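Structure at a glance
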Amino acid sequence: MQWRALVLGLVLLRLGLHGVLWLVFGLGPSMGFYQRFPLSFGFQRLRGPDGPESPASGPAGRPGTPGGPSGPSWLQPQVPGAAAGRRRAPRRPGPDVCGPGHWGYVLGGRSRGRDEYEKRYSGAFPPQLRAQMRDLARGMFVFGYDNYMAHAFPEDELNPIHCRGRGPDRGDPSNLNINDVLGNYSLTLVDALDTLAIMGNSSEFQKAVKLVINTVSFDKDSTVQVFEATIRVLGSLLSAHRIITDSKQPFGDMTIKDYDNELLHMAHDLAVRLLPAFENTRTGIPYPRVNLKTGVPPDSNNETCTAGAGSLLVEFGILSRLLGDSTFEWVARRAVKALWNLRSNDTGLLGNVVNIQTGHWVGKQSGLGAGLDSFYEYLLKSYILFGEKEDLEMFNAVYKSIQNYLRRGREACNEGEGDPPLYVNVNMFSGQLMNTWIDSLQAFFPGLQVLIGDVEDAICLHAFYYAIWKRYGALPERYNWQLQAPDVLFYPLRPELVESTYLLYQATKNPFYLHVGMDILQSLEKYTKVKCGYATLHHVIDKSKEDRMESFFLSETCKYLYLLFDEENPVHKSGTRYMFTTEGHIVSVDAHLRESPWKEFFSEEGGRDPVGKSGHRPRPHELKVINSSSNCNRVPDERRYSLPLKSVYMRQIDQMVGLI
């Protein structure tokens, strides 16, 4: 018996020594931003930048080079140039990196094997289930829309818990969360117009358009944010106008009897009321807010965010080209160039808050989320719509800077050692990490990467946000990846993750993204549906709610979910190329919008400083209507980004997000 005890003791001692070595040299289980997130393969226990060094780490957290700091490479500075030029086709990972055996090891022996992953996702998405999800998405929109019309119209928003309407907060002008958005112009109805058309509801679309024409006025004593009024109202009016006047009528008969371009006239009226924001500003960057009756308030703030000032070009450019009036595109493009000229000479990055008079950066944080998101988006989308090469050049330059300074982690998503890629918030001048949170608005970025063909990176980044969704059944407004917990706990029914899911499905046609959409749909039904609509989640953990349904829920969230499951929708089948604005409004990409008779006004060679300090601003002339259905020749297809993914690659993504 003694020898048996001795052998047992030696075995236990050996196991204990192995365990100590396993932990000391970082070979233990993954300690990612939360332990049940499968994307955390290879993560080390999170430490600050000044943590102890490990001989196994190299510069910027790269394994294999002695002398570098340990800890996740998200906390380490990026090596400039190391991440540039990543656009590539997905590569097949080696069997020891991404195979089921590896995943079983990383996840503590919980390997489910190849067959189970293929059965779970890649076994297609049955047509009957797809139709069921499409109808569920349509029903979600109808439930919210009908309740808005029954209980809230003509006010701006629906309070879905108490079944009543909401307008501007007249008693508290400082309540910008409400007053920036709600202008007393039936916002939810206006914002939802093109969703009705995309869902093929011609009778309700026609009824809604007539209601807007007959009841909505912008001659209101309302102080609104220029950005919100532009993307939600101006963009929707232009989108609906083009749907009505499209000679092809791909969504069914959406024509309006005796329609006389009223929506275009309304868009022009609103834009003229927003123009004072661009006056009396020394940089050409607009004031953040205007009163629709009186112009810029006397006590107006001289500080604005980059996205708010620099994301007006799509809507203003469309309006200018439909009217033949360069004024609106001119002021929007001048603002973009002014911001562009203020970027850091060292990093090429922009900050998130700027003084419109001095050009001084008040907020020096550079990231992908709030304050900057749609600025990047509209550089690319302006090029897609208008074909101005300088927009693409600016986008390519800032995308390179984003890759060099914001992207942390290993080079490839699906192979290699180290942490998976993540985009962090840095100082615009130094590129140094400023905080350890991401915000939910950043979830738009994978969709933007799809548009430029960087599909592999888009897949990986999307998996990160989806994994957070899987944990909470929603996306918290801010998530701290170091503390492994939300920093800001509410979820206002935002569409960004759904948008990226839809675009990734269009790029890959992988049924995995249909499962993602189904998860999101079911979460929204389970956690946000209330008596008269869908409510903001006040707290993503305890699922308490706020009595508000923002207009973008109907204009974007429901729309992208519906399109994800509606394979036969004219958006996908009509032969017309479409693009979505940052508020999800659909715009056909055609040659007419690429016609610009006033290019000399926009070029520096034409004698005008890009920040508008010299040169003559063209004056608005009498409204001239150009029918948007004429000259709708398709623009040559300059990039095809339908990219089939190998099953082994998608299995890795399935494993990332499917085990939470």
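Now for a quick tour of the structure. (Residues numbered from 1 in each chain as written. Predicted model: local features only at pLDDT ≥ 70, side-chain atom pairs only at ≥ 80, totals over all residues. Heavy atoms only, no water.)

So, on to the sheet that holds strand β5 (residues 303–305). Here we have three strands laid out as an open sheet, ordered β5-β6-β7, and antiparallel in their pairing. Lying at the two open borders of the sheet, with one neighbouring strand each, are β5 and β7 (361–363). Within the sheet, the average angular offset between the axes of one strand and its neighbour, ignoring direction, is 35 degrees. One ladder, built from three bridges, connects β5 with strand β6 (residues 353–355); its direction is antiparallel. By the bridge assignment, Thr 304 is partnered in β6 with Val 354. (Pairing = 2+ DSSP bridges. Helix = DSSP H or I, 4+ residues; strand = E, 2+ residues; numbered from the N terminus. Axes fitted to C-alpha atoms, helices over the stretch in contact; angles between N-to-C directions.)

Moving on, we come to helix α10 (residues 226–245). Given a rise of 1.5 Å per residue, 20 residues ought to cover 28 Å, and the 27 Å separating the end C-alpha atoms of α10 matches this to within 8%. Of all the bends in α10, the greatest measures close to 30 degrees and is centred on Gly 235. In terms of residue burial, α10 counts as a mostly covered element, since 20 of its 20 residues are buried. (Expected span 1.5 Å × (residues − 1). Bend = angle between axes of the 7 residues up to and from the residue. Buried < 20%, exposed > 50% of the residue type's maximum accessible area, 1.4 Å probe, protein only.)

Bridge count between strand β13 (residues 478–480) and strand β14 (residues 485–488): three bridges; the pairing is antiparallel. Each residue of the ladder has a partner; that of Tyr 479, found in β14, is Pro 486. As consecutive antiparallel partners, β13 and β14 are separated by four residues, and within that stretch Gln 484 has a phi angle of approximately 60 degrees, a positive value.

For the structure on display, the rule yields 26 salt bridges. Close ionic contact of Glu 377 with Lys 381 constitutes a salt bridge, the shortest N to O distance being 2.7 Å. Separated by four residues within a single helix, Glu 377 and Lys 381 lie in helix α15 (residues 373–386), roughly one turn from each other. Residues Glu 377 and Lys 381 agree in their burial class; the two are buried. Between Lys 509 and Glu 567 there is a salt bridge, with the nearest N and O atoms lying 3.7 Å from each other. Of this pair, Lys 509 sits in the loop between α19 (496–508) and α20 (512–527) while Glu 567 sits in the loop between α21 (552–565) and α22 (570–573), placing them 58 residues apart in sequence. On the accessibility criterion, Lys 509 (36% relative accessible area) is partly exposed. Salt bridges here are not isolated pairs; linked through shared partners, they connect Arg 321, Glu 329, Arg 333, Lys 337, Glu 388, Glu 390 and Asp 391. (Salt bridge = Lys/Arg side-chain N within 4 Å of Asp/Glu carboxyl O.)

Residue Pro 154 follows Phe 153 across a cis peptide bond; omega there is 15 degrees. Assignment of secondary structure puts Pro 154 in the loop between α5 (127–151) and β1 (157–159). One non-glycine residue with positive phi stands out, namely Gln 484, at about 60 degrees. Mapped onto the elements, Gln 484 comes out in the loop between β13 and β14.

For the rest of this paragraph, the subject is the packing of helix α9 (residues 202–215) against α10. Packing of α9 against α10 leaves a shortest axis separation of 12 Å and a crossing angle of 130 degrees. Looking at the two axes, α9 sits oblique to α10. Judged by the sense of rotation from one axis to the other, the crossing of α9 with α10 is left-handed. Between α9, through Phe 205, Val 209 and Val 212, and α10, the contact on the second element is made entirely by Leu 237, Ala 240, Ile 243 and Ile 244. (Parallel < 35°, antiparallel > 145°, perpendicular 65-115°, else oblique. Left-handed = near helix turned anticlockwise from the far one by under 90°. Contact = heavy atoms within 4.5 Å.)

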